[in-house]
Amino acid sequence: MDREETRKNKLIKRESAVSMGTATEQNSVDWRGRPCKPNKHGGMTAAIFVLCLQAFEMMGIAAVGNNLITYVFNEMHFPLSKSANIVTNFIGTVFLLSLFGGFLSDSYLGSFWTMLIFGFVELSGFILLAVQAHVPQLRPPKCDMMLSKGQCMEAKGYKAMIFFVALYLVALGSGSLKPNIISQGADQFKKDDSKQSKKLSTYFNFAYFAFCTGELVALTLVVWVQTHYGMDVGFGVSAAAMALGLISLLCGTLVYRNTPPRGSIFTPIAQVFVAAITKRKQICPSNLEMLHGSHCIVAQQSLSGMSSKGSTLIHTDKFRFLDKACIKIQDGSSSTSESPWRLCTVSQVEQVKILISVVPIFACTIIFNTILAQLQTFSVQQGTTMNTRLTHNFKIPPASLQAIPYIMLIFLVPLYEIAFVPMTRKFTGKDSGITPLQRVGIGLFIATFSMVCAALVENKRRNYALNQNRTLSIFWIAPQFLIFGLSEMFTAVGLIEFFYKQSLEGMQSFLTAMTYCSYSFGFYLSSLLVSLVNKITSSSSSGSGGWLNDNDLNKDRLDLFYWLLAALSLVNFFNYIFCSRWYSYNPSLLPVVPLHEPQPQGHDPENPN
């Protein structure tokens, strides 16, 4: 009986893997393309090498991005508003290019080779930035932008070209790297396994811990080096950090569990839309079995069999017009003779439905990242107008103030994993304590108060400077960084976990890249808002040229701009509540609970939310 039971269990597992195409040991390969061994490949040991790359790469890019406005304004002599837009456009491009890196990885190269190739691209950008910052002939003549009242010579011609080439080499490398760092580390765990799903949630928290560590070192040590020894040395330190990250990546080559690329990920998606439009006049049958490929699908009402049958894609009623893509045309010929651009499987259609469903969640995080853009641009410039002296001989670099939330998060993230997750898991029965969508919502709500705090402090700073001729301490702007840091711990990690866990086989890197794409749109929206606000407010300002048009923050109205962002953030939060209630987790992508393993307390397979 034991032998017969073992044989049946093996058949169930094999059938589950075939029906969903999940990432099992058989289709995960080592660096030579051979099937992985459970006791040798993957797990937290392999993920640690990726986490080290995450920390070192973050150290390099954060040291450049967070203090870039100082270099662009003081050394390249671009006006303040233009400098802020250069920084936000650069950071926006970094995150937008993450889609390119995710597509390239899933379709052709795989995560490991994508990281290795574009890691060297990013390294070359850091080196070129260091060379330009070191050689005076590659920069405009020295000039104090604050004293010259905008009369300094702006970088143009080959000097500007070298700067932008170096900057966007860094953007290309970092953008292509980011989603693959997350997905390569997460691929070391099997998300369809109940035990490893808990480790996967832990990995996402560790990944954010590595992110915070890299940011903290960049905003303290590296920014201090930039301030006291020059930007050329600072950029050189970023290059050295990137080199160490690449070494860490290579050290884990022998133990990685790699997911092979599967060809273009967009072709199956495009086929569904083309087929649905072609058959738009057809009527969807009420019987699911009449749809092409329905043998791999179960109805949503039959979820009670999920735990025994393994992973099976669930048919949903959302976006029913896409179901027309798999209607068989009864014209006397075999359905298999129809082109893939005219006839798709139900499984293929359900995968496209998942992609469409996550778009509203993605859109609701754009305003959140617009707030982040202000903390890396205007808040840094705000700090330069304040009293930065800590002791008689020591001054705090304004960009280093962004390290305050990461100091807090270094302690808060482990506490969240050690105390908060186990406590909430007892009540919810969920591996991560609360769902990723609940975590994102908490973060979006907290972010609003960051801008409220920023507006109040800026109003106070401006009044002190204009009416009392006094300078506030730079620590007055610390609370807005602390509040946003807390909100980012919830939103950033929740969003990454949400996209990865809702991703389909062969699309992990691309869907994870949507997280970073949200950053991109947030920073681009910041640039658009700055230009739009200047244009609108200049018509009602008597000669001031708009809220953010002057190089002097005492003449600008940054506080009103912060109030505008606070209002937009609050509206966005209520919009997110609506979108998250509308969204439902696809049960197909939830961890499979083995037959011999009891259900967690509070787990309801009929209601995965």
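Residues numbered from 1 in each chain as written. Predicted model: local features only at pLDDT ≥ 70, side-chain atom pairs only at ≥ 80, totals over all residues. Heavy atoms only, no water.

**Quick word on the overall build of the protein**
Counted only if it meets this: Under the scheme used here, helices are H or I runs from DSSP no shorter than 4 residues and strands are E runs no shorter than 2 residues, and both carry numbers assigned from the N terminus. Only protein chains enter the accessibility calculation, which uses a 1.4 Å probe; a residue is then buried when its area is under 20% of its type maximum, exposed when over 50%, and partly exposed in between. Whether two residues are in contact is decided by their heavy atoms, any of which lying within 4.5 Å being enough. Surface accessibility in these figures is a Shrake-Rupley result with a 1.4 Å probe; residues are shielded only by whichever protein chains are displayed.
In terms of helices and strands, the protein carries 18 helices and two strands. Taking all 609 residues of the protein together, the buried fraction comes to 55%. Sequence-distant contacts, at least 24 apart, represent 82% of the contacts inside the protein between residues at least 6 apart. Of the accessible surface of the protein, which amounts to about 26100 Å², a share of 64% is contributed by carbon and sulfur atoms.

**Some remarks on the confidence of the model for the protein**
In low-pLDDT segments, the atomic positions of the prediction should not be examined closely. What counts is decided by this rule: The predictor rates its confidence in each residue with pLDDT, a number between 0 and 100.
Predicted confidence across the protein gives a mean pLDDT of 78, with 81% of residues reaching 70 or more. Every residue in residues 8–26 scores below 50 in pLDDT, and together they form 29 contacts with partners more than four places removed in sequence or on other chains. Across residues 299–312 the pLDDT falls below 50, and counting only partners more than four positions away or on other chains, this stretch makes 34 contacts in the model.

**Focus on the packing of aromatic side chains**
We count it as follows: In this analysis, rings of Phe, Tyr and Trp, with Trp reduced to its six-membered ring, are considered paired at centre separations within 6.5 Å, and the interplanar angle assigns stacked below 30 degrees, edge-to-face beyond 60, and tilted for intermediate values.
Applying the stated rule across the entire model yields 22 aromatic pairs. The interplanar angle of 80° and the centroid separation of 6.3 Å between the aromatic rings of Phe-90 and Tyr-168 together place this pair among those described as edge-to-face. Here Phe-90, found in helix H4 (residues 80–109), pairs with Tyr-168, found in helix H6 (residues 157–186); they are 78 residues apart in sequence, far enough to count as distant. The partly exposed category is assigned to Tyr-168, whose relative accessible area is 29%. An angle of 50° between the planes, with centres 5.1 Å apart, marks the rings of Phe-445 and Phe-573 as tilted. Residue Phe-445 is found in helix H15 (residues 436–467), and its partner Phe-573 is found in helix H18 (residues 558–582); the two are separated by 128 residues along the sequence. Using a relative accessible area of 38% as the deciding quantity, one classes Phe-445 as partly exposed. On the accessibility criterion, Phe-573 (12% relative accessible area) is buried. Chaining the aromatic ring pairs together yields one cluster made of Tyr-71, Phe-78, Phe-163, Phe-164 and Phe-235.

**A word on empty space enclosed by the protein**
A water-sized probe rolled over the atoms picks out the places where empty space is left. Heads up, the rule is: Cavity: a set of points on a 1 Å grid over the protein atoms alone where a 1.4 Å probe fits but cannot get out. Pocket: an open set with protein on both sides within 12 Å along at least five of seven lines, its lining residues, like those of a cavity, having an atom within 4 Å of a point. Grid points are joined across faces, edges and corners, and a volume is the space filled by probe spheres set on the points.
All told, the structure shown has four cavities of 30 Å³ or more when counted by the stated rule. By volume, the largest cavity is sized at about 390 Å³. Taken together, 28 residues form the lining of the largest cavity, with Met-58, Phe-95, Lys-178, Phe-211 and Glu-215 sitting closest to its centre. Contributions of two or more residues to the lining of the largest cavity are made by helix H2 (43–65), H4, H6, helix H7 (194–229), helix H12 (366–376), helix H16 (478–501) and helix H17 (508–538). In terms of residue count, H2 provides more of the lining of the largest cavity than any other element does, six residues in total.

**Points about the packing of H15 against H16**
The cut-off we apply is this: Lines fitted to C-alpha atoms define the axes, with helix axes restricted to the stretch in contact, and inter-axis angles between N-to-C directions lie between 0 and 180 degrees. With respect to orientation, any angle under 35 degrees is reported as roughly parallel, any angle over 145 as roughly antiparallel, any angle of 65 to 115 as roughly perpendicular, and every other angle as oblique. Crossings are classed by handedness, with left-handed meaning an anticlockwise turn of the near helix from the far one by less than a right angle and right-handed meaning a clockwise turn.
It is the contact of H15 with H16, at a shortest axis distance of 7 Å, that shows an interaxial angle of 160°. In terms of orientation, H15 lies roughly antiparallel with respect to H16. Here the hand of the crossing between H15 and H16 comes out left-handed.

**Remarks on H17**
Rules: Helix span is expected to be 1.5 Å times the residue number reduced by one. Fitting one axis to the seven residues ending at a residue and another to the seven starting there, the bend at that residue is the angle between the two axes.
With 31 residues, H17 should cover 45 Å at 1.5 Å per step; its first-to-last C-alpha distance of 46 Å lies within 8% of that length. Its axis deflected by about 30° at Thr-515, H17 carries its strongest bend there. Most of H17 sits out of view: 22 of its 31 residues are buried.

**Things to note about the pattern of salt bridges**
Condition: Criterion for a salt bridge: a side-chain nitrogen of Lys or Arg within 4 Å of a carboxyl oxygen of Asp or Glu.
Per the stated rule, a full pass over the model turns up six salt bridges. The partner of Arg-557 in a salt bridge is Asp-559, and the shortest N-O contact between them spans 2.9 Å. For Asp-559, a relative accessible area of 2% puts it in the buried group. Among the charged side chains, a network of salt bridges with common partners joins Arg-320, Asp-323 and Lys-353.

**Some words on the nonpolar core**
What counts, and what does not: Note on terminology: a nonpolar core comprises buried Ala, Val, Leu, Ile, Met, Phe, Trp, Tyr and Cys residues joined through side-chain atoms within 4.5 Å.
Residues Leu-68, Phe-90, Phe-163, Tyr-203, Phe-204, Tyr-208 and Phe-561 are the most contacted members of the largest nonpolar core, which totals 158 residues. Of all the elements, H7 adds the most residues to this core, at 13 residues.

**Overview of a nonpolar patch on the surface**
For the record, the criterion: Residues forming no salt bridge and having over 30% relative accessible area are the ones grouped into patches, like charges within 9 Å of each other and nonpolar side chains (Val, Leu, Ile, Met, Phe, Trp, Tyr) within 5 Å.
Taken together, the side chains of Tyr-158, Met-161 and Val-165 make up a nonpolar region of the molecular surface, amounting to roughly 310 Å² of accessible area. Structurally, the position occupied by Val-165 is in helix H6. A residue is classified by how much of its surface remains accessible, and Val-165, at 43% relative accessible area, is partly exposed.

**Some details on unusual backbone geometry**
Of note in this structure, Asn-469 is not a glycine but carries a positive phi near 55°. Along the chain, the position of Asn-469 falls in the loop between H15 and H16.

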